[in-house]
Amino acid sequence: MEVSRRQAQRPHPIEPRAGAAVPRSEGVAARGLWPDSAVTGDDLTWFILSAIVGHDESGARVAGERPIILTAAAGGATTALGFPPFDLPWLAPVGLAMLVLALREASATRAALLGAAHAAVFLGMTLWWLAEAISPFAWAAMVAAQSVWGALAGVAMVRVRRLHGWQLWAAGVFTAAESARAAVPWGGVPWGRLGYSAVDAPWSAWVAVIGVAATGTVVALLGCLIASVVEHATRRSLRGLVPAAAVVALVAVPAMARGVMVAPNQATGPVARIAIVQGELPGSGREVVANHRALTEVLVGQTRQLAASDTGRPAPDLVVWPENATAVDPTTDVVAGQAARAAVEAVGVPLLLGAVVDAPDPRYALNQSLLWDDGGVRASYTKQRLVPFGEYVPLRPLAERLSSRVAAIPRDMLPGGDPEPIGVGSFSVATALCFDVAYDDVLRRQVARGGDLVSVQTSNALFLGTAQLEQQWQVSRARALELGRSVVVSSVNGISGAIAPDGSVLERLPVRVAGSVVLDVPLNTSQTWAVRLGAAPLRLTWVIISMALLVTFAQDRRACRRRRCLPPTHAGSPPAMPLDRSDAT
């Protein structure tokens, strides 16, 4: 019988749990995860405590082992520090390393709990703005639902750890879980993806080459390599030099080659002169619908003031208003239509404004960005990624019974079709509305089709005073870096500004006060590798990770067949202990 050195070096057998009628080696562990008889509350409690505190395969507490769930939870908190409002990108991979160390030699049950604990703390901190802006119940429900993906990631990361080069497989698993979290359910939650944290990190250049999603794999890989270095260091093994060298390479290469990998912030070359206008709402600043007429008036006034103060300089090529600049259809509402025409007359150039437009079916509406010139609407973009329970209500009949707040959304919005960039004179604009910017495909497809400049129009008024504003600004900077395009952002009352193709900030207006700025932003026509590769890196990750998991299942099946060929053990003999993975070659 082959046992691990750790078990062989113990001088005395481990005592079973006090008060247990049957030793755990002959009871629960011998029967498998669940006994053949009905599961009792005592069994469930024991399994949960075993997963949280850390026990060996016989079910007994390992002497001196700390509660590993605290390590996983602390890892989630550390990962959250890589995102706004903390902005410490170095800590994002460290938090992943803490999770990987906690998962070492974990059973499937324990791995699920550890993965869920890491995800719950990370998402709980990152998405706290949901509790502040909407309700603690919405925040808790969102975190709980999305933590399921963390639990699945924990189980899969433990499985692929038996493979050679497990650090890469585990990083891919985490990325796959992130992509699933960003899609399910109802469009998922793309907030808090590891790739966004890379904007101000030394490894930020990876974003321009492989995109936001695959850069998340790089950050996760850094975490796995750091964990590997720690593991080897505790065993005083020189093998830890290999993952340490890999960490240095992943950080140093993009830092040194940034000038080649990232689209430059051009000092010379073609530019577009863009006017960005920010509004201001009365009172708390969060009530757009109740004050939509006042908001439109403020935007018109700011545009007129901009035109009056900009005399003697070249006129802008385009004026950008925020999402929900008018909460009614300006093509049918007289007041809103007059406001748009007044703004165009004041500056004499086209206006890009956000509006809620009536759909052909009166039961629905469209969240659109309209290009308005002296002839009216010339082009439009319809929002692709709608916010569930904000812009439409899934399972509306059931939701109406559960909450009276559903009545505040009388019409569901409809998503737009495959988007095309909007032509404005000699250049084209790739457009996103609010949460659109957090999804990879919306802007990437428009840039691939000729978009020279990116416009992000957002409201965000509901989240005023929370970290959501800074997080969305971080996402917009990541998109500029990924797409190699300047990004102009217009918000109802913040954050508005302009971002260069290298992700640096060109201009940022103060939050909560009306304002405007006119500036020249670089225009790029070349495509980054991230745009050329598109979704290929993420799809390749899914394929490779699926194959890796299939290999582990095949290994389990072969091992099971070998065990069936072994002669039975004598009655009363202890069960075979599994080989310690730390000693496996």
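Throughout what follows, the structure given in this document is the object of discussion.

Conventions adopted
Every chain's residues receive numbers from 1 upward, in the order its sequence appears when written. In view of the model being predicted, local features appear only for residues whose pLDDT reaches at least 70, and side-chain atom pairs are presented and counted only at 80 or more, with totals across whole chains, interfaces and linings using the full set of residues. Think of the side-chain values as coming from all heavy atoms in the structure, minus any hydrogens and water. Helix numbers and strand numbers start at the N terminus; a helix is a DSSP run of H or I with at least 4 residues, a strand a run of E with at least 2. Accessibility here uses a 1.4 Å probe with only protein chains present; expressed as a share of the type maximum, an area under 20% marks a residue as buried, one over 50% as exposed, and anything in between as partly exposed. Any two residues whose heavy atoms approach within 4.5 Å are treated as being in contact. Within this analysis, patches are made of residues with over 30% relative accessible area and no salt bridge. Like charges are joined at 9 Å or less; nonpolar side chains (Val, Leu, Ile, Met, Phe, Trp, Tyr) at 5 Å or less. Residue exposure ignores everything except the shown protein chains as possible cover, and the areas themselves are Shrake-Rupley values with a 1.4 Å probe. One speaks of a salt bridge when a side-chain nitrogen belonging to Lys or Arg is within 4 Å of a carboxyl oxygen belonging to Asp or Glu. All tallies of charge rest on Lys and Arg as positive and Asp and Glu as negative; His and the ends of each chain are not included. Charged side chains are reduced to one point each, which is NZ for Lys, CZ for Arg, CG for Asp and CD for Glu. Strands pair, by our definition, only if DSSP identifies at least two bridges between them. Side-chain rings of Phe, Tyr and Trp, where Trp is taken by its six-membered ring, are said to pair if the distance between their centres is within 6.5 Å; with planes under 30 degrees apart they count as stacked, over 60 as edge-to-face, and otherwise as tilted. Under this scheme, a helix contributes an axis fitted over its contacting stretch, all axes are lines through C-alpha atoms, and angles between N-to-C directions fall in the 0 to 180 degree range. Put simply, angles under 35 degrees are roughly parallel, angles over 145 are roughly antiparallel, angles from 65 to 115 are roughly perpendicular, and the rest are oblique. Take the far helix as your reference; a near helix turned counterclockwise from it by less than a right angle gives a left-handed crossing, and one turned clockwise gives a right-handed crossing. Three classes are used: nonpolar for Ala, Val, Leu, Ile, Met, Phe, Trp, Tyr, Cys and Pro, charged for Asp, Glu, Lys and Arg, and polar for all others, with Gly counted as polar. Each residue after the first adds 1.5 Å to the expected span of a helix. As used in this structure description, the phrase polar contact means that two N or O atoms lie within 3.5 Å; if the pair is within protein, one of them must be able to donate a hydrogen and the other to accept it, and residues adjacent in sequence are counted only when both atoms belong to side chains.

The next thing to look at is the overall build of the protein. The helix and strand tally for the protein stands at 19 helices and 13 strands. Burial status across the protein gives 52% buried among its 585 residues. Across the protein, every contact between residues at least 6 apart in sequence was considered, and the portion connecting residues at least 24 apart equals 70%.

There is a patch of like positive charges on the surface, built from Arg557, Arg558, Arg561, Arg562, Arg563 and Arg564. Here Arg563 is to be found in helix 19 (residues 536-565). Judged by its relative accessible area of 53%, Arg563 falls in the exposed class.

With that settled, consider the pairing of strand 5 (residues 376-382). If a strand is regular, its side chains alternate between the two faces of the sheet. In this structure, strand 4 (residues 364-373) lies alongside strand 5, joined through six bridges in antiparallel fashion. Residue pairing across strands places Gln368 opposite Thr382, the latter belonging to strand 5. Hairpin connection of strand 4 to strand 5: two residues between the antiparallel strands.

Moving on: the pattern of salt bridges. If you walk through the whole model with that rule in mind, you get 23 salt bridges. Here Arg477 ties to Asp200 by a salt bridge, and the two come within 2.8 Å at their closest N and O atoms. Of this pair, Arg477 sits in helix 17 (residues 468-483) while Asp200 sits in the loop between helix 9 (166-181) and helix 10 (206-234), placing them 277 residues apart in sequence. Between Asp418 and Arg445 there is a salt bridge whose closest N-O contact spans 2.9 Å. Placement of Asp418 in the loop between strand 6 (412-413) and strand 7 (422-424) and of Arg445 in helix 16 (residues 440-448) is noted, with a sequence separation of 27 residues between them. Bridged by salt links that share partners, the residues Arg385, Asp418, Glu420, Asp441, Arg445 and Arg449 form one connected network.

So, on to a nonpolar patch on the surface. Taken together, the side chains of Trp186, Phe389, Leu395, Leu398 and Leu402 present a nonpolar region at the surface, about 570 Å² in accessible area. With respect to the helices, strands and loops of the structure, Leu402 is situated in helix 15 (residues 396-402). In this structure Leu402 comes out as exposed when scored by relative accessible area, which is 69%.

So, on to the packing of aromatic side chains. Overall, the coordinates contain eight aromatic pairs when judged by the stated rule. Ring plane angle 80 degrees and centroid distance 5.3 Å describe the contact between Trp90 and Trp203, whose orientation is recorded as edge-to-face. On the criterion of sequence distance, the pair formed by Trp90 in the loop between helix 4 (68-80) and helix 5 (91-103) and Trp203 in the loop between helix 9 and helix 10 is long-range, its members being 113 residues apart. Relative accessible area serves as the criterion here: at 2%, Trp203 is assigned to the buried category. Between Trp186 and Phe389 the ring centres are 5.6 Å apart and the planes differ by 80 degrees, which places this aromatic pair in the edge-to-face class.

Contact geometry for helix 4 and helix 6 (residues 108-126): axes closest at 7 Å, N-to-C directions at 30 degrees. Of the possible angle classes, the one that applies to helix 4 and helix 6 is roughly parallel. Here helix 4 and helix 6 pass one another in a crossing that is right-handed. Contacts between helix 4 and helix 6 involve Ile68, Ile69, Ala72, Ala73, Gly75, Gly76, Ala77, Thr79 and Ala80 on the former and, on the latter, Arg110, Leu114, Ala117, His118, Val121, Phe122, Met125 and Thr126. Across the contact of helix 4 with helix 6, the residue classes break down as eleven nonpolar, five polar and one charged.

This brings us to helix 14 (residues 334-347). With 14 residues, helix 14 ought to run about 20 Å at 1.5 Å a step, and its terminal C-alpha atoms sit 21 Å apart, in line with that. Buried within helix 14 we find Ala336, Gly337, Ala339, Ala340, Ala342, Ala343, Val344 and Val347. In the core, the buried residues of helix 14 are packed alongside helix 13 (292-309), strand 2 (318-320), strand 3 (351-358) and strand 4. For helix 14, the N-terminal capping position is held by Asp333, with its side-chain oxygen 3.3 Å away from the main-chain nitrogen of Val335. Gly348 lies just past helix 14 and shows a positive phi near 75 degrees.

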